[in-house]
2 protein chains.
Amino acid sequence: MTNVIKQEVNIELIRSEEALALVKQEIDKTLSKSPLIIREYTTHLMASQGKFIRAVSVIICAENAEGLVHKNAVKIAAAIEILHLATLVHDDIIDNAELRRGDVTLQKKYGRRTAVICGDYLLSVALRMSASIENKKDYLDLALPDYVGKVCLGELNQHINNGNIELSTYRYLKIISGKTAALFEASFFAGAIFSGCQEAEVKSYRRLGYHIGMIFQLTDDCIDFEETVEGANKPVQSDYEQGVITLPLIHALSQISEFRDQAKAQTITRADINAAVIKAGGLKFTRKMVDKFYHKSIKIIDELSLSPHKKEQLMGILKKASRLS
Amino acid sequence: MTNVIKQEVNIELIRSEEALALVKQEIDKTLSKSPLIIREYTTHLMASQGKFIRAVSVIICAENAEGLVHKNAVKIAAAIEILHLATLVHDDIIDNAELRRGDVTLQKKYGRRTAVICGDYLLSVALRMSASIENKKDYLDLALPDYVGKVCLGELNQHINNGNIELSTYRYLKIISGKTAALFEASFFAGAIFSGCQEAEVKSYRRLGYHIGMIFQLTDDCIDFEETVEGANKPVQSDYEQGVITLPLIHALSQISEFRDQAKAQTITRADINAAVIKAGGLKFTRKMVDKFYHKSIKIIDELSLSPHKKEQLMGILKKASRLS
C-alpha cells in the first residue's frame, strides 16, 4: 500500500532540468495559441528575454531533498514569466519609451492600443495558467493577484515620482520593492510552497526572493548609468531621459547642493548628471546597497537546510541578479 | 446537532437588498483603500456609473429558494463590478477617446500612463477580491481570469477591425460576445453557483447572462446612433468617430452597394452614414437581433425553476438591458 502511494507521488516529480525545459515548452505552447497579433508581439518580446530568471527561481526553490520538482511548479513558473512579459508591455506605455535597451519598443512598433490589450491579455493568461494547476490549494496560498497589485502600486509610485528630484532613498526603495522585487518574491514563495518545506522556511525563501529582486533592480540602475556614460553615441534611451530617477542620481542630488539647485531650476544636462553622479559616488553608494542585500541573501541561504546542489543553484541566481555571472 | 449546523449555515445567508447594499459598501471600502491618484480616478468613473447592472445580476441570480443570498456572493459581485471599471479605463486608451457619453475621459484628464496603471491596479484588486472569499471552491469553478481573457480577445478583435467596412455581422457578434457579453455571463454564472442550483441550471443561467449581455451591447449600439442623429450639436463622440463599426452601420454597408463603394473610397460623411443607416433600416435590423436574444432569454427564464420574486427580478434585469425600464 505504501509503495502504491509512493509511486503515485513520484509520477508528479521530475528533475529540475526537465522542469525548466517544460517551462519553456509551456510558455511557447500558450503563446502559440494566442491570436496572431499577440503572437507577433510576444515573439518580439521573447527574443529580447531568454534568461527566465524568475522561472528558474521558481524551479530551483521548488527542488525537494531528492533534487526533484513537483510538476505543478512548471505551470506557476511559466505563469510568473508571462506575468513579467505583461508588465514589460505595459511598462513601455507607462514610460512612453521608444527604445528599450537599444531596441525599438513594441508600443512604438505596433501602437499603444495593441500594447494595452496585449498586456491585459498576457495578464489574464498568466492568472488563468496559475489557476489551472491541479492541486489548487497551492495556488491559493500563493495569491498571485496580490503580487500583481504590488507591481501596479510600484509602477504607480514610480509614475507619480517621475521627474521628482526630491525623491528620497527610502521612497525609492519602496517603489522598486513593488515594481521589481515583488515578482522575485512571488517566484521564491511559489517554489518554496512546492518544495514542501516548513512555514518558517517558506518565509525565509520569500525574504530571499525579495532581497534578490532588490539586487536585480539596483544593479540594473547602475548598468543604466554606466551604459550611458560609456556609450553616449548609442541609441540607448536611459532611465533619466524617461524621467525615471534612480538611486545613483538620488544620492548625487542629496550630496551636492549646487547640483540640486541646478536640477530644481531645470538647467541640468545629461553631462551634468553624469559628472555629479561620479563626483558624489552615486554608483558606489548604490553598489554598497546591493552589497547589503547580497549579504542578507547569503545569510538566508546559509541558514536554509539545502542540498549542496540546491545551494549552488541558489548562489547562481544570486550571482546572476548581481550580474556577477 | 442538526440545529447547530443549520444555524451556522444561516449566518452566511442574507436578504438580497442587504446584499446589494453590502456590494456598494465593499466597492467603496476597497476603492477608498487605494492610493490617492487611483481614488480620484475611480471617483470620477463611479460618478458616471451607479447602475451596477452586473453586480445586481450576481445578487439576483444568487438568491436561493428562500430568497436569501450567500454572503460570499457580495465579494464576487463587487469584484465583477470593479473588473468592469478596469475595462472602462483601458477602453478609453484603446479607443483613444477624449469623450465618453459627453464627459471628458480619464485618459484625457489624467494622462494615458495613469490610465494604464489604474486599469491594471483595478484588475488586480478585482481578482484579489474574488480570490479572497472564504469558500474558495466557488471561485475556482468560476475562473474569473478566463472571462478577463475573453474580454481582452473581444477588445483586441474590435481594435483589429477598427475602421474595417468589410466586417460581417457574424464577426461583429463574436467581438461583442467577448467585449460585453462575457462579463454578463460571468455575473450570471457566479450567481448561479451561489444559488446552489444543479449543474444543468447553472448552464442555463450562463446562457441567459450571455443573451442579456448581447442585448445590452446591441441596444447600446442603437442608442449611440440615435443620439448622434438627434443631437448632432452635442459634444458626443460616437462609435463611428472612433472607428468602431457597429451593427446598424454593418447592415447599411451590406445593403446599399453605392454606399459601400463610397465608404471604400473614404468619401463618406457623418450625414451620409446616418442617411444610409436610416435608408437600410440598420436600427430596425439591430432591434430585430435584440428581439431574438430577448425571446431566447424569456424562454430560459420560463424554464428555470424560480420563485415569483426571483422571476420578476430577472425580468427586471432583462428590461434594463433592453432599456425598456
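Source: prediction; values computed, not measured.

What counts, and at which threshold
Residues numbered from 1 in each chain as written. Chains lettered and ligands numbered in written order. Predicted model: local features only at pLDDT ≥ 70, side-chain atom pairs only at ≥ 80, totals over all residues. Heavy atoms only, no water. Helix = DSSP H or I, 4+ residues; strand = E, 2+ residues; numbered from the N terminus. Buried < 20%, exposed > 50% of the residue type's maximum accessible area, 1.4 Å probe, protein only. Contact = heavy atoms within 4.5 Å. Areas by Shrake-Rupley, 256 points an atom, 1.4 Å probe, with all protein chains shown as cover. Least-squares fit on C-alpha atoms with pLDDT ≥ 70 in both. Phe/Tyr/Trp six-rings, centres within 6.5 Å; stacked < 30°, edge-to-face > 60°. Lys NZ or Arg CZ within 6 Å of the ring centre and 35° of its normal. Axes fitted to C-alpha atoms, helices over the stretch in contact; angles between N-to-C directions. Parallel < 35°, antiparallel > 145°, perpendicular 65-115°, else oblique. Left-handed = near helix turned anticlockwise from the far one by under 90°. Salt bridge = Lys/Arg side-chain N within 4 Å of Asp/Glu carboxyl O. Core = buried A, V, L, I, M, F, W, Y, C linked by side-chain atoms within 4.5 Å.

Draft legend 1. View of the overall build of chain A. Looking only at helices and strands, one finds 16 helices and four strands in chain A. Counting all 325 residues of chain A, 55% fall into the buried class. Counted over contacts in chain A with a minimum sequence separation of 6, partners at least 24 positions apart contribute 76%. Approximately 14400 Å² of chain A is accessible, and the part contributed by carbon and sulfur atoms is 52%.

Draft legend 2. Looking closely at the relation of the copies chain B and chain A. Once turned by 180 degrees and shifted 0.1 Å along the axis, chain B lies on chain A with an RMSD of 0.0 Å. Both copies of the chain, as the preceding transformation shows, are related through a two-fold rotation axis. Of all interface residues in chain B, 100% are interface residues in chain A too; the two copies therefore contact each other through one and the same surface.

Draft legend 3. View of the packing of aromatic side chains. Inspection of the entire model under this criterion finds four aromatic pairs over all chains. Residues Phe184 of chain B and Phe216 of chain B carry aromatic rings whose centres are separated by 5.1 Å and whose planes lie at 40 degrees to one another, so their mutual orientation is tilted. One end of the pair, Phe184 of chain B, is in helix H10 (residues 169-195); the other, Phe216 of chain B, is in helix H11 (residues 199-230), and 32 residues separate them in sequence. The ring of Phe189 of chain A has Arg206 of chain A lying over it, and the distance from NZ or CZ to the ring centre is 4.3 Å. In this structure, Arg54 of chain B is placed above the aromatic ring of Phe216 of chain B, and the distance from its NZ or CZ to the ring centre is 5.5 Å.

Draft legend 4. Representation of the packing of helix H4 (residues 53-62) of chain B against helix H16 (residues 308-321) of chain B. Residue and element names in this part refer to chain B. Remark: H4 packs on H16, axes separated minimally by 10 Å, with the N-to-C direction vectors making an angle of 160 degrees. When the axis of H4 is compared with that of H16, the two are roughly antiparallel. In this structure, H4 meets H16 at a crossing whose hand is left-handed. On H16, the residues touching Ile53, Val56, Ser57, Ile60 and Cys61 of H4 are Lys310, Gln313, Leu314, Ile317, Lys320 and Ala321.

Draft legend 5. Geometry of the pattern of salt bridges. Taken as a whole and assessed by the stated rule, the structure comprises 14 salt bridges over all chains. With a closest N to O distance of 2.8 Å, Arg287 of chain A and Glu226 of chain A form a salt bridge. Taken together, the residues span a long stretch of sequence, with Arg287 of chain A in helix H15 (residues 282-303) and Glu226 of chain A in helix H11 (residues 199-230) at a distance of 61 residues. For Glu226 of chain A, a relative accessible area of 25% translates into the label partly exposed. Notably, a salt bridge pairs Glu17 of chain B with Arg15 of chain B, separated by 2.9 Å at the nearest N-O pair. You can call Glu17 of chain B partly exposed: its relative accessible area is 43%. Assessed through its relative accessible area of 48%, Arg15 of chain B is described here as partly exposed.

Draft legend 6. Inspection of the nonpolar core at higher detail. Leu218, Phe259 and Leu314 of chain A together with Leu218, Phe259 and Leu314 of chain B are the most contacted members of the largest nonpolar core, which has 206 residues in total. Setting aside chain neighbours within four positions, we find Phe259 of chain B in contact with Leu249, Ala252, Leu253, Ile268, Asp272, Ile273 and Ala276 of chain B.

Draft legend 7. Structural view of unusual backbone geometry. Its identity as a non-glycine residue notwithstanding, Arg323 of chain A has a phi of 55 degrees, on the positive side. Looking at the secondary structure, you find Arg323 of chain A in the segment after helix H16 (308-321).

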